Structure formats: C-alpha cells, structure tokens
Amino acid sequence: MLDRADLRAFFAADAASVAERLIGWSLFIDGVGGRIVETEAYDSDDPASHSHRGRTPRNGAMFGETAHAYVYRSYGIHWCLNFVCDAHRPGSAVLIRALEPLAGQDRMAERRGTAAPALLCSGPGRLAQALGIDASHNGRDLCAPPFELQPPAGPSQVWRGPRIGISKAVHIPWRFAVMGSPFLSRPARL
C-alpha cells in the first residue's frame, strides 16, 4: 500500500500516463469496489475535456489539487468519477470508466437493481451508481476515506485506443483497458 506522499506523486504525472498506470489498481468507496479495468485521460489542451475552455463552477475540482475527485453529472442523469492529476497542467483528470467488482457486490446490486456482475460497474454511470458516488464526493481527497486506492499486485496487459462517448478529439488514443475483460463499458478492439 502506498503512503499519502507516494499516492500524490503518482497522480502528479500527465493524464495519459496516470490513466494507463491506473489499470489494475483497486478502488474502494467505503469498502465497496474492485479492480480498475478501463480509464480515459483528459487535459486542458484537449477539446473533449471539460477544462478546455477554462475553469467554471462545474469543473473547478479539475483545477484543484491532484489526487482529488472530480465528480460531475453527465446528461443530467449519471454521476461520473474522475481523478485529478498532472501537477504541471491544471485541468487534467482521468475518467474511471469501469471496474471489475470485487467487494460489496450485494450493495452494488442493490444500488444498480441488477446482480449481473458484468452490468454492475461497466461504464462511468453504472460505476458511480454502484459505488454510491454523488456530488458530495466532488473535490474530496483520494488519499482519505471514503476512498481507498491500492496498487496492483502485478502488471496488466493494457490496451490503448480512441476514447468513446465524445464528439471532439475522438482520434486521441487516451482510452486504456484490460484486454479481454468482460467488465468494460465497450470491448477493446485491436
């Protein structure tokens, strides 16, 4: 387990590096969570990023300290969890797109209304709902409860490709995923 200083140093890197290196980490919110199997990177130079046009009340957490949560509502329906990163480029964050459920599946199933493992955390909206993420988590420190992050026991085979669900800068290969995982929001295609 990394100490607070090491975890902050991990998140100080650029968004794409952090997004790729987060694959295989475990994320728990109040003990409910699992292994991160899919992420996407965004920074302030990226036209698909919420921070591209500068700081607003909605995206303010993206311009705050690294190793903090940026939580927003997508399409007025789903909460999405991001990790603020890159100490040298404010406005950078990693969207946590999917988890492999490992702990608290009963609570996830209750929150999601389904017990199908592949439908619990496959996609940013499902993931946030399963973990109980909402606006109260925005700006919270990832190095303190209710968050718990654990580095992977070993390496993962990471796929890299274009991001999904966006209309700008779709060509940027900043989506990262565990090859062959059944828990992805969409399959990673070679």
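Attention here is on the structure that accompanies the text. All of these numbers come straight from a predicted model, not from anything done at the bench.

Rules used throughout
- Every chain is numbered independently, its residues counted from 1 as its sequence is written.
- In view of the model being predicted, local features appear only for residues whose pLDDT reaches at least 70, and side-chain atom pairs are presented and counted only at 80 or more, with totals across whole chains, interfaces and linings using the full set of residues.
- Hydrogens and water molecules were not included; the side-chain quantities draw on all heavy atoms of the structure.
- For every residue, the accessible area (1.4 Å probe, protein chains only) is compared with the maximum for its type, and the residue is labelled buried under 20%, exposed over 50%, or partly exposed between those bounds.
- Secondary structure elements follow DSSP: runs of H or I of four or more residues count as helices, runs of E of two or more count as strands, with numbering from the N terminus.
- DSSP-based pairing: two strands are paired if at least 2 bridges between them are found.
- Arc definition: directions from the helix axis to the C-beta atoms.
- We call two residues in contact when some of their heavy atoms are within 4.5 Å.
- What makes a salt bridge here is a side-chain nitrogen of Lys or Arg within 4 Å of a carboxyl oxygen of Asp or Glu, nothing more.

## Quick look at the pairing of strand β2 (residues 32-42)
Most of β2 is tucked away, with 10 of its 11 residues classed as buried. As paired elements, strand β1 (residues 26-29) and β2 share 4 bridges and run antiparallel to each other. Across the sheet, residue Ser26 finds its bridge partner in β2, namely Arg35. Linking two consecutive strands that pair antiparallel, namely β1 and β2, is a turn of 2 residues; a positive phi of about 50° is found at Asp30 within it. Note: β2 against strand β5 (residues 92-103), 9 bridges, orientation antiparallel. Within the sheet, the bridge partner assigned to Ile36 lies in β5 and is Leu99.

## A look at helix α3 (residues 105-112)
Within the span of α3, buried status applies to Met108, Ala109 and Arg112. Projection of α3 onto a plane perpendicular to its axis shows the buried side chains occupying an angular sector of 100°, all on one side. Across α3 from its buried face, at more than 90 degrees, point the exposed residues Asp106 and Glu110. Against β2, β5, α4 (117-120) and α5 (124-131) lie the buried residues of α3. Where α3 ends, the next residue or the one after it, Gly113, has phi of about 80°, a positive value.

## Let's talk about the pattern of salt bridges
Scanning the model with the defined rule gives 7 salt bridges in all. A salt bridge links Glu100 to Arg35, with the shortest nitrogen-to-oxygen separation between them at 3.1 Å. Placement of the pair is Glu100 in strand β5 and Arg35 in strand β2, with a sequence separation of 65 residues. Between Arg97 and Glu40 there is a salt bridge whose closest N-O contact spans 3.8 Å. Taken together, the residues span a long stretch of sequence, with Arg97 in strand β5 and Glu40 in strand β2 at a distance of 57 residues. No difference in accessibility class separates Arg97 from Glu40, as the two residues are buried. Here the salt bridges do not stand alone but share partners, grouping Glu38, Glu40, Arg97 and Arg175 into one network.

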